[in-house]
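Summary of structural features
In case you want the letters, here they are:
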Amino acid sequence: MTATTGADAAAHTAKMARVKAARDRMTAQRQGEKGLIIVHTGTGKGKSSAGFGMIFRAIAHGMNCAVVQFIKGARDTGERRLIEAHFPQLCRFHTMGEGFTWETQDKARDIAAARAGWDKAKDLIRDPTIRMVLLDEINIALRYDYLDLAEVLAFLRDEKPPMTHVVLTGRNAKPELIEIADLVTEMTLVKHPFRSGIKAQAGVEY
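Conventions we followed
Going along each chain's sequence as written, the residues are numbered from 1 onward. Only residues with pLDDT of at least 70 are given local features in this predicted model, and only at 80 or more are side-chain atom pairs given and counted; all residues enter the totals for whole chains, interfaces and linings. Derived side-chain values reflect all non-hydrogen atoms in the structure, with water molecules and hydrogen atoms excluded from consideration. Helix and strand assignments come from DSSP, with helices taken as H or I runs of at least 4 residues and strands as E runs of at least 2, each series counted from the N terminus. Buried, partly exposed and exposed residues are distinguished by accessible area as a fraction of the type maximum, computed with a 1.4 Å probe on protein chains only: under 20%, between the cut-offs, and over 50%, respectively. Residues are treated as being in contact if the distance between any of their heavy atoms lies within 4.5 Å. All accessibility values rest on the Shrake-Rupley procedure with a 1.4 Å probe; residue burial counts only the protein chains present in the view. As used throughout, the charge tally considers Lys and Arg to be positive and Asp and Glu to be negative, leaving His and the chain termini uncounted. Note that the charge is assigned to NZ on lysines, CZ on arginines, CG on aspartates and CD on glutamates. Just to be clear on terms, a salt bridge is a Lys or Arg side-chain nitrogen sitting within 4 Å of an Asp or Glu carboxyl oxygen. Pairs of strands are assigned from DSSP output, requiring at least two bridges between the strands. For helices, the fitted axis covers only the stretch in contact; all axes are lines through C-alpha atoms, and the angles between them, taken along N-to-C directions, range from 0 to 180 degrees.

1. Quick word on the overall build of the protein
In terms of regular secondary structure, the protein is built from eight helices and six strands. Starting at the N terminus and ending at the C terminus, the protein contains elements arranged as α-β-α-β-α-β-α-α-β-α-α-β-α-β. Along the longest, intermediate and shortest principal axes, the C-alpha atoms of the protein span 70 × 45 × 35 Å. Of all 206 residues assigned to the protein, the portion counted as buried reaches 38%. Across the protein, every contact between residues at least 6 apart in sequence was considered, and the portion connecting residues at least 24 apart equals 82%. As presented, the protein carries roughly 12200 Å² of accessible surface, and 54% of it is formed by carbon and sulfur atoms. For the protein, the separation between the mean place of its 30 positive charges and that of its 25 negative charges on side chains is 6 Å.

2. As for the pattern of salt bridges
Any two side chains of opposite charge can pair, so long as their charged atoms come close to each other. Tallied over the full model, the rule gives 12 salt bridges. Between K34 and D182 there is a salt bridge, with its nearest N and O atoms 2.8 Å apart. Placement of the pair is K34 in the loop between α1 (6–29) and β1 (37–42) and D182 in the loop between α8 (175–180) and β6 (183–187), with a sequence separation of 148 residues. Since its relative accessible area comes to 43%, K34 is described here as partly exposed. Between E151 and R115 there is a salt bridge, with the nearest N and O atoms lying 2.7 Å from each other. Placement of the pair is E151 in helix α7 (residues 149–158) and R115 in helix α5 (residues 107–126), with a sequence separation of 36 residues. Take R115: its relative accessible area is 29%, and that puts it in the partly exposed class. Overlapping salt bridges bring together R115, D119, K122 and E151 as one network.

3. Looking at the sheet that holds strand β2 (residues 65–69)
Across a sheet, strands are paired by hydrogen bonds formed along the backbone, either parallel or antiparallel in direction. Read from one edge to the other, the open sheet built from six strands follows the order β3-β2-β4-β5-β1-β6, with strand pairing classed as parallel. Looking along the sheet, the strands with just one partner apiece sit at the ends: β3 (91–95) and β6. Neighbour to neighbour, the strand axes of the sheet diverge by 10 degrees on average, direction disregarded. Pairing between β1 and β6: five bridges, direction parallel. Bridging from a neighbouring strand, H40 pairs with T185 of β6. Across the sheet, helix α2 (residues 47–60) touches β1, β2, β3, β4 (132–136), β5 (165–169) and β6, and the angle it forms with β4 is around 160 degrees.

And the structure:
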C-alpha cells in the first residue's frame, strides 16, 4: 500500500472540490418533478426485484402504491408476504396471472388473465391517491401479444396522471415502450445458478 503524501492529499481535496462544484451545478439545474415511466428489462436476474425495491422505497416514504403481477401465479413470495402482512394500508397487491405460459398451456386463458390484469392496472394508475404502480412481468404479456401494445402506450402517454410513477418489468421490452419511458435499465446475464443445477431458492428468487 502506497503512503499518501501531503501533496497527494491536497491534490485529492482539490479534485473532489471540483467534482462537488460540478455536481452542485447539475443538481441546481434539475428541479423539476414528474411521474416517471420506468422499465426494467433484459435477460439478467433482478428486474422484478428492482421494481419491488422501488415499491418498498415508496412505502417507506408513506406513499400509496400498488402491484399488479401479470404472469406469476399464486406462488407464495417474500415480497407479497411482507406487503400483505405489514403494509396493506399503503400497497394494494393483485396477482392476476396464472403462472408462466408453459405451465398453463392455454393461450385463451393467458390472454384473459393478462386482459384482467391490464384492466386492474388502469384503475389503479387512474387512482389519484396512488403514487406508484408496479406492473410486474407486463413485458412478457406484451411480448406474446396478450395485450395490445398500442393501447398500453396510448394509456401511459395520455391517461397516466402527471405525478404517478409506473414501473414495468420483464425481459424483451418492446422498443416502442423503451422509447416513451423516462428511465430504462437493462439487466445483463453474466452468471446464473440455475445453469449449474441450482433450483430457485426462497429469499433469492422469490
